[in-house]
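Each chain is listed here by its residues.
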Amino acid sequence: MPRLRSDFWVSAQLRRLNGEGIPAVQRRRGSAEAGAIFVKIDRLDGTADLYGPAPQALIEAEDSGERLFVAILAAAPSPDVEERLAREIRFDSDLWIVEIDDREGRHDLPLAE
């Protein structure tokens with residue numbers, strides 16, 4: 001099953017989060033068709049969570065066509081999260097970054113199991 005384009009997924013995610021009263025912004029625009037998407041959740045206390053694309057093997061096992069995410073960093077100091085994002089950008093300049101500001105860490109991302 002084909003996966004939703006990155007630009008459509010990000011747009012829908014931002015609309016949904018903001019509609020639920022969870023502030024979220026697109027921080028970086030990547031490849032419209034297939035750019036990897038990373039989600040930073042700023043806990044507004046100096047820490048942040050970072051989610052990234054699930055490994056391809058997990059996605060293929062699901063076979064739902066849905067984008068799946070995995071936790072990369074949890075409750076990490078914000079500078080550590082920013083350094084990880086900088087490394088990811090050096091590796092793949094076509095990636096997207098969505099940033100959510102939420103003390104509770106709400107995101108509703110589909111997580112790989």
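Residues numbered from 1 in each chain as written. Predicted model: local features only at pLDDT ≥ 70, side-chain atom pairs only at ≥ 80, totals over all residues. Heavy atoms only, no water.

### With respect to the environment of Pro53
Move 1: Topologically, Pro53 is positioned in strand S3 (residues 47-53).
Move 2: Residue classification places Pro53 among the partly exposed positions, given a relative accessible area of 35%.
Move 3: For the pair Pro53 and Phe91, spaced 38 residues apart in sequence, the C-alpha to C-alpha distance is 14 Å. (Helix = DSSP H or I, 4+ residues; strand = E, 2+ residues; numbered from the N terminus. Buried < 20%, exposed > 50% of the residue type's maximum accessible area, 1.4 Å probe, protein only.)

### Focus: unusual backbone geometry
Move 1: Positioned with a positive phi, Ala75 is a non-glycine residue whose angle comes to about 50°.
Move 2: Within the secondary structure, Ala75 is located in strand S4 (residues 69-77).

### Considerations on the side chain of Asp49
Move 1: Relative to the assigned elements, Asp49 resides in strand S3.
Move 2: There is a polar contact of 2.7 Å between the side chain of Asp49 and the side chain of Arg43.
Move 3: Here Asp49 is in contact with Val39, Lys40, Ile41, Arg43, Leu73, Ala74 and Ala75, once residues within four sequence places are set aside. (Polar contact = N/O pair within 3.5 Å; in protein donor to acceptor, adjacent residues only side chain to side chain. Contact = heavy atoms within 4.5 Å.)

### Focus on the pattern of salt bridges
Move 1: Across all of its chains, the model carries 13 salt bridges by this definition.
Move 2: Salt-bridge contacts for Arg5 lead to Glu33; the nearest nitrogen and oxygen are separated by 3.8 Å. Placement of Arg5 in the segment before helix H1 (6-19) and of Glu33 in the loop between strand S1 (24-28) and strand S2 (37-42) is noted, with a sequence separation of 28 residues between them.
Move 3: Take Arg5: its relative accessible area is 30%, and that puts it in the partly exposed class.
Move 4: Within the structure, one salt-bridge network assembled from shared partners comprises Arg27, Lys40, Glu82 and Glu99. (Salt bridge = Lys/Arg side-chain N within 4 Å of Asp/Glu carboxyl O.)

Note that all results are geometric; they support no functional claim without further evidence.
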